[in-house]
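# Observations on the three-dimensional arrangement
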Amino acid sequence: MNLQQKSQEVRKVFEELDAQIKDFIDASQIGCISGCGFCCSNPKVSASVLEFLPLAFDLYEKGKAEKALELLESKNGQDYCIIYKATSTDAAMGFCSDYQNRGMICRLFGSSARKNKEDKKEIITCKKIKEAKKEQYEAASLAVNEEMSVPLSSDAYSRLYNIDFQLTSDQMPINQAIQKALEAVLRFKYYEGSEASESAESF
């Protein structure tokens with residue numbers, strides 16, 4: 001499986017996961033607070049290269065890969081995700097400028113669960129949601145261990161591991177993951193173009 005095929009497989013995982021997330025949010029009513037970008041403004045959010053291959057290929061197809069790479073190279077470890085656009089001075093409010101191509105971590109947070117030591121499902125969410133939607137959160141916390149369906153983060157990551165274990169297991173700051181994904185896509189496209197040229201010259 002080449003890099004582009006891996007990206008396509010990741011997108012399939014995302015599409016199926018998004019459907020599950022929508023069902024969970026519709027049932028639980030504990031989706032993210034409108035306009036809140038508190039978690040996105042955290043520069044310590046970690047991600048893998050694999051989950052950002054769809055974003056990297058999309059930027060390449062739109063002719064924006066090199067520009068995005070230049071922007072990433074100008075950032076430091078204290079900068080939040082480049083596709084997050086803050087609308088407040090403290091960056092706690094904002095929005096994702098490329099929601100369709102956001103990473104796995106961005107999809108799962110607030111919309112999935114993990115198993116605790118007692119094998120009970122715990123919703124992965126933030127303090128802001130727990131406080132603003134207290135009743136809904138408490139009801140959903142009980143319901144996910146009864147009849148309510150919820151995506152499990154471990155299952156979602158297992159599907160990525162099956163596509164490429166190394167590109168999933170290496171976790172790093174989110175901007176670094178996006179940068180490495182872009183670099184990998186640019187290399188892939190360069191060699192793909194070189195092979196096409198050589199093939200054309202051989203006839």
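Cut-off values and rules
Residues numbered from 1 in each chain as written. Predicted model: local features only at pLDDT ≥ 70, side-chain atom pairs only at ≥ 80, totals over all residues. Heavy atoms only, no water. Pairing = 2+ DSSP bridges. Helix = DSSP H or I, 4+ residues; strand = E, 2+ residues; numbered from the N terminus. Salt bridge = Lys/Arg side-chain N within 4 Å of Asp/Glu carboxyl O. Buried < 20%, exposed > 50% of the residue type's maximum accessible area, 1.4 Å probe, protein only. Lys, Arg positive; Asp, Glu negative; His and termini not counted. Polar contact = N/O pair within 3.5 Å; in protein donor to acceptor, adjacent residues only side chain to side chain. Arc of directions from axis to C-beta. Contact = heavy atoms within 4.5 Å. Axes fitted to C-alpha atoms, helices over the stretch in contact; angles between N-to-C directions. Left-handed = near helix turned anticlockwise from the far one by under 90°. Nonpolar A, V, L, I, M, F, W, Y, C, P; charged D, E, K, R; others polar. Phe/Tyr/Trp six-rings, centres within 6.5 Å; stacked < 30°, edge-to-face > 60°. Lys NZ or Arg CZ within 6 Å of the ring centre and 35° of its normal.

## Section: the pairing of strand β4 (residues 112-115)
- Bridge count between β4 and strand β5 (residues 121-124): four bridges; the pairing is antiparallel. Bridge pairing in β5 links serine 112 to isoleucine 124.
- What sits between β4 and β5 in their antiparallel hairpin is a turn of five residues, with aspartate 119 showing a positive phi close to 65°.

## Things to note about the pattern of salt bridges
- In this structure the tally under the stated criterion is eleven salt bridges.
- Residues arginine 102 and aspartate 18 are paired through a salt bridge, measuring 3.8 Å at the closest nitrogen-oxygen approach. Placement of the pair is arginine 102 in the loop between β3 (94-96) and α4 (104-108) and aspartate 18 in helix α1 (residues 3-28), with a sequence separation of 84 residues.
- We note a salt bridge from glutamate 61 to lysine 189, for which the minimum N-O separation is 3.7 Å. One end of the pair, glutamate 61, is in helix α2 (residues 53-61); the other, lysine 189, is in helix α9 (residues 174-201), and 128 residues separate them in sequence.
- Via salt bridges that share partners, Asp18, Arg102 and Arg107 belong to a single interconnected network.

## Considerations on the side chain of glutamate 51
- Here glutamate 51 is to be found in the loop between β1 (46-48) and α2.
- Buried glutamate 51, no salt bridge; nearest opposite-charge side chain is arginine 107, N-O distance 7.5 Å.
- Polar side-chain contacts of glutamate 51 include one of 2.9 Å to the backbone nitrogen of methionine 104.
- Among the polar contacts made by the side chain of glutamate 51, one reaches the main-chain amide nitrogen of isoleucine 105 at a distance of 3.1 Å.

## Considering helix α7 (residues 153-163)
- Ser153, Ala156, Tyr157, Leu160 and Ile163 are the residues of α7 that are buried. Along α7, the residues classed as buried sweep out an arc of 100° about the axis, all on the same side.
- Along its buried surface, α7 packs onto α1, α4, β4, β5, α8 (165-169) and β6 (171-173).

## Quick notes on the packing of α1 against α2
- Contact pair α1 / α2: the axes reach a minimum separation of 8 Å and the direction vectors enclose 115°. In the crossing of α1 with α2, the sense of the turn from one axis to the other is left-handed. Where α1 approaches α2, its residues Leu3, Gln4, Lys6, Ser7, Val10, Arg11 and Phe14 are matched on the opposing element by Leu53, Pro54, Phe57 and Glu61.
- Looking at the contact of α1 with α2 residue by residue, the class counts come to six nonpolar, two polar and three charged.

## Here we look at the packing of aromatic side chains
- For the coordinates displayed, the defined rule picks out four aromatic pairs.
- Taking 5.2 Å as the distance between ring centres and 80° as the angle between the ring planes, the aromatic pair formed by tyrosine 80 and tyrosine 84 counts as edge-to-face.
- Judged by centre distance (5.2 Å) and plane angle (75°), the ring pair of tyrosine 190 and tyrosine 191 falls under edge-to-face. Pair check on accessibility: tyrosine 190 and tyrosine 191 agree, each one exposed.
- Stacked on the ring of tyrosine 99, the Lys or Arg arginine 102 has its end atom at 3.7 Å from the ring centre.
- Here the basic side chain of arginine 107 rests over the ring of phenylalanine 14, its NZ or CZ set 3.9 Å away from the ring centre.

## Quick look at unusual backbone geometry
- The phi dihedral of glutamine 29 falls on the positive side, at around 60°, and the residue is not glycine.
- Note on placement: glutamine 29 falls in the loop between α1 and β1.
- With relative accessibility at 46%, the residue glutamine 29 sits in the partly exposed group.
- The phi torsion at alanine 91 lies on the positive side, around 70°, for a residue other than glycine.
- Position of alanine 91 relative to the elements: it lies in the loop between β2 (84-86) and β3.
- With relative accessibility at 8%, the residue alanine 91 sits in the buried group.

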